[in-house]
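What follows is the residue order along each chain.
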Amino acid sequence: MKAIVFDDFGAADVLRLADAPVPEVRPGDLLVKVHAVGVNRADLLQRQGYYGRQSYGDSDLLGLEVAGEVAAVGTDVTDIRPGERVMGIVGGGAYAEFARVDRGMAVPIPEGLDYVGAAAVMESFVTAWEAAVHLGGTARGTSVLIHAAAGGVGSACVAIAHALGARVFATANAQRRMDVLALGADAVFDYRSEDFEQGARNATGGRGVDVIVDFVGGDYLARNLRSLAPGGRLVQVGLLGGQDSASIPLSVLLHNHLRLIGTVMKSRQPDEKRAMVRRFAESALPMFADGRLKPLVGKVFPLAQAADAHSAMETGGGLGKIVLKVTA
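For clarity, every value in this text was computed on a predicted model and none was experimentally measured.

Asks: Help me out: how do you make sense of the overall build of the protein in this one?
Replies: Scanning the protein from N- to C-terminus turns up 11 helices and 15 strands. What you see for the protein is a C-alpha radius of gyration of 20 Å, in line with the 20 Å of a compact globule of 328 residues. In terms of its C-alpha atoms, the protein occupies a principal-axis envelope of roughly 60 × 40 × 35 Å. Evaluated residue by residue, the protein yields a buried proportion of 54% over its 328 residues. Of the contacts made within the protein by residues no fewer than 6 positions apart, 66% connect residues no fewer than 24 positions apart. Total accessible area on the protein stands at roughly 14200 Å², and carbon and sulfur atoms take up 51% of it. Placing the 33 positive and 36 negative side-chain charges of the protein at their respective mean positions leaves the two points 5 Å apart.

Asks: How should I be thinking about the packing of helix α6 (residues 196–203) against helix α7 (residues 220–227) in this particular structure?
Replies: When two helices pack together, you describe them by how their axes are tilted relative to each other and by the distance separating the axes. Running from N to C, α6 and α7 point in directions that differ by 10 degrees, and their axes come no closer than 9 Å. Classified by the interaxial angle, the pair formed by α6 and α7 is roughly parallel. Each of F196, E197 and R201 in α6 lies in contact with α7, whose residues at this interface are Y220, R223, N224, R226 and S227. Looking at the contact of α6 with α7 residue by residue, the class counts come to 2 nonpolar, 2 polar and 4 charged.

Asks: Please clarify how the environment of A307 should be interpreted in this entry.
Replies: Mapped onto the elements of the fold, A307 is located in helix α11 (residues 306–315). Along the backbone, A307 and L44 are 263 residues apart, and their C-alpha atoms lie at a distance of 9.9 Å. In this structure, A307 is in contact with A12, D13 and L15, ignoring residues within four places of it in sequence.

Asks: When you look at the pattern of salt bridges in this model, what are you seeing that I'm missing?
Replies: A side chain with one charge may pair with a side chain of the opposite charge, provided their charged atoms come close. Per the counting criterion, the structure on display carries 19 salt bridges. With a shortest N-O distance of 3.3 Å, D58 and R100 are connected by a salt bridge. Here D58, found in the loop between α1 (41–48) and β4 (65–73), pairs with R100, found in strand β6 (residues 98–102); they are 42 residues apart in sequence, far enough to count as distant. In this structure R100 comes out as buried when scored by relative accessible area, which is 18%.

Asks: What am I meant to see in the packing of helix α3 (residues 122–135) against helix α9 (residues 270–283) here?
Replies: Between α3 and α9, the least distance of the axes is 9 Å, while the angle of their chain directions is 85 degrees. With respect to α9, the element α3 is oriented roughly perpendicular. Taken together, the residues of α9 that come into contact with α3 (itself represented by M122, F125, V126, W129, E130 and H134) are M276, V277, R279, F280 and S283. Looking at the contact of α3 with α9, its residues break down into 7 nonpolar, 2 polar and 2 charged.

Asks: Please explain α9 as it appears in this structure.
Replies: Between its first and last C-alpha atoms α9 spans 20 Å; for 14 residues at 1.5 Å apiece the expected length is 20 Å, and the two agree. Restricting attention to buried positions, one finds in α9 the residues A275, M276, V277 and F280. Here the buried face of α9 lies against β5 (85–89), β7 (106–108), α3 and α10 (285–289).

Asks: How do you make sense of the side chain of T127 when you look at a structure like this?
Replies: Note on placement: T127 falls in helix α3. The class for T127 is buried, based on a relative accessible area of 13%.

Asks: Would you mind showing me how to read the nonpolar core here?
Replies: One recurring pattern in soluble globular proteins is that nonpolar side chains are buried together. Counting 59 residues, the largest nonpolar core has M87, M122, I146, V158, V180, V213 and F280 as the members making the most contacts within it. Two domains share this core, each providing at least three of its residues, namely domain 1 (2–120 + 295–325) and domain 2 (125–262). Excluding anything up to four places from it in sequence, V158 contacts I146, A149, V168, A170, V180, L183, G184 and A185. Counting residues in hydrophobic clusters, the runner-up holds 32 residues, among them V32, A307, A309 and A312.

Asks: How do you make sense of the domain arrangement of the protein when you look at a structure like this?
Replies: Interface size is often expressed as the accessible area that is lost when the parts come together. Assigned domains of the protein: these are domain 1 (2–120 + 295–325) and domain 2 (125–262). Using C-alpha coordinates to define each centre, domain 1 is positioned 29 Å away from domain 2. Interface area, domain 1 with domain 2, both sides summed: about 510 Å², of which 66% is carbon and sulfur. Taken together, the connections running from domain 1 to domain 2 amount to 0 salt bridges. Summed over the shared surface of domain 1 and domain 2, the result is 0 residue pairs in polar contact (both at pLDDT 80 or more). When its residues are assigned to classes, the side of domain 1 that touches domain 2 shows 5 nonpolar, 2 polar and no charged.

Asks: Please explain the sheet that holds strand β12 (residues 228–236) as it appears in this structure.
Replies: Through backbone hydrogen bonds, the strands of a sheet pair up, either in parallel or in antiparallel fashion. Pairing in this open sheet of 6 strands is parallel, and the strands run β10-β9-β8-β11-β12-β13 from one edge to the other. Only two strands of the sheet have a single partner each, and these edge strands are β10 (187–190) and β13 (259–262). Across this sheet, the average inter-strand angle for adjacent strands is 15 degrees, counted without regard to direction. Strand direction decides the pairing type here: strand β8 (residues 143–146) and strand β11 (residues 209–214), joined by 3 bridges, are parallel. In the sheet register, L145 faces β11, and the bridge partner there is I212. Lying on the sheet, helix α4 (residues 152–163) is in contact with β8, β9 (167–172) and β11; it crosses β9 at an angle near 165 degrees.

Asks: Just to check I follow, could you spell out the environment of G262 for this structure?
Replies: In this fold, G262 is placed in strand β13. Along the primary structure G262 and D190 are separated by 72 residues, whereas in three dimensions their C-alpha atoms are 25 Å apart.

Asks: Explanation requested: α7 in the structure shown.
Replies: Helical geometry note: an α-helix holds 3.6 residues per turn, so side chains three or four residues apart project in the same direction. α7 sits mainly inside the fold: 6 of its 8 residues count as buried. For α7, the secondary structure elements touched by its buried residues are α6, β11, β12, α8 (250–255) and β13.

Asks: Help me out: how do you make sense of unusual backbone geometry in this one?
Replies: Of all residues except glycine, most have a negative phi; of all peptide bonds, most are trans. For A148, which is not glycine, the phi dihedral falls at a positive 50 degrees. Relative to the helices and strands, A148 is located in the loop between β8 and α4.

Scoring rules and cut-offs
Residues numbered from 1 in each chain as written. Predicted model: local features only at pLDDT ≥ 70, side-chain atom pairs only at ≥ 80, totals over all residues. Heavy atoms only, no water. Helix = DSSP H or I, 4+ residues; strand = E, 2+ residues; numbered from the N terminus. Rg over C-alpha atoms; globule rule 2.2 N^0.38 Å. Buried < 20%, exposed > 50% of the residue type's maximum accessible area, 1.4 Å probe, protein only. Contact = heavy atoms within 4.5 Å. Areas by Shrake-Rupley, 256 points an atom, 1.4 Å probe, with all protein chains shown as cover. Lys, Arg positive; Asp, Glu negative; His and termini not counted. Charge placed at Lys NZ, Arg CZ, Asp CG, Glu CD. Axes fitted to C-alpha atoms, helices over the stretch in contact; angles between N-to-C directions. Parallel < 35°, antiparallel > 145°, perpendicular 65-115°, else oblique. Nonpolar A, V, L, I, M, F, W, Y, C, P; charged D, E, K, R; others polar. Salt bridge = Lys/Arg side-chain N within 4 Å of Asp/Glu carboxyl O. Expected span 1.5 Å × (residues − 1). Core = buried A, V, L, I, M, F, W, Y, C linked by side-chain atoms within 4.5 Å. Domains from an automatic or database assignment. Buried area = accessible area lost by both parts, 1.4 Å probe. Polar contact = N/O pair within 3.5 Å; in protein donor to acceptor, adjacent residues only side chain to side chain. Pairing = 2+ DSSP bridges.

Right, here's the structure in full:
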């Protein structure tokens, strides 16, 4: 099969199309003929050597999410057959014509959703559902603040919270304000020039929001805690700000009975990841089927142009998932 490989860590141009062996199917696996692949920030970090090794997880190849057609199933798989359409999360190996997918990490592609759209769903929306809903408790009538709302997971959080009937506030740069409002946010604060802490308090009559999902960290931590209503939850998903440590106003945390919850998908054990996918499949997947949720696709590149896709992500400025199209 054809796959994207790289011999040494480096810039996007180290990526090249080459022949690679078709992965061996284990008893609990699906072999998927890949039609489209979602590009994620972790792919760029792996290529650059951030993880310290070329292989990450289950395969030497890049790629964490796929959409395609089941070509074969392992001996323990009884509930899905070759020919069915699936989208799934993999521990590497998606940048290829065939990928091995753990059955517990795959879900059916809803009717009306094409492969390119399906490739933009799993990594972003499973993470977003876990953070905003399962951990954060976002529901109808709650108020939610989403940071980095123009990013892949942040935009999925906004869409989910809006679809559930929450009141949604967000931070993004001014150029993306209208895009985030179109996803369902009630107000968007420019993180460069506006004080989200004051904005959140003003918008809630001084009470604060019930849930905050943050991908930035650093000095956002204290400001987030002060922006929460009594009993509020702060779900910390990432550290885009690059700061690993921050001061916590413990008096605010204690007095307002706040909860600080950390989560990251990559470090979770396989059973935990399967549980995340199961929760997504049970609660969020029907919302794609009936149109309440829709994938957000940005640029689409053929597989052979994976280097261009990485360069586009590094340049930034776009909204929506970058997707590699594997089949014509």
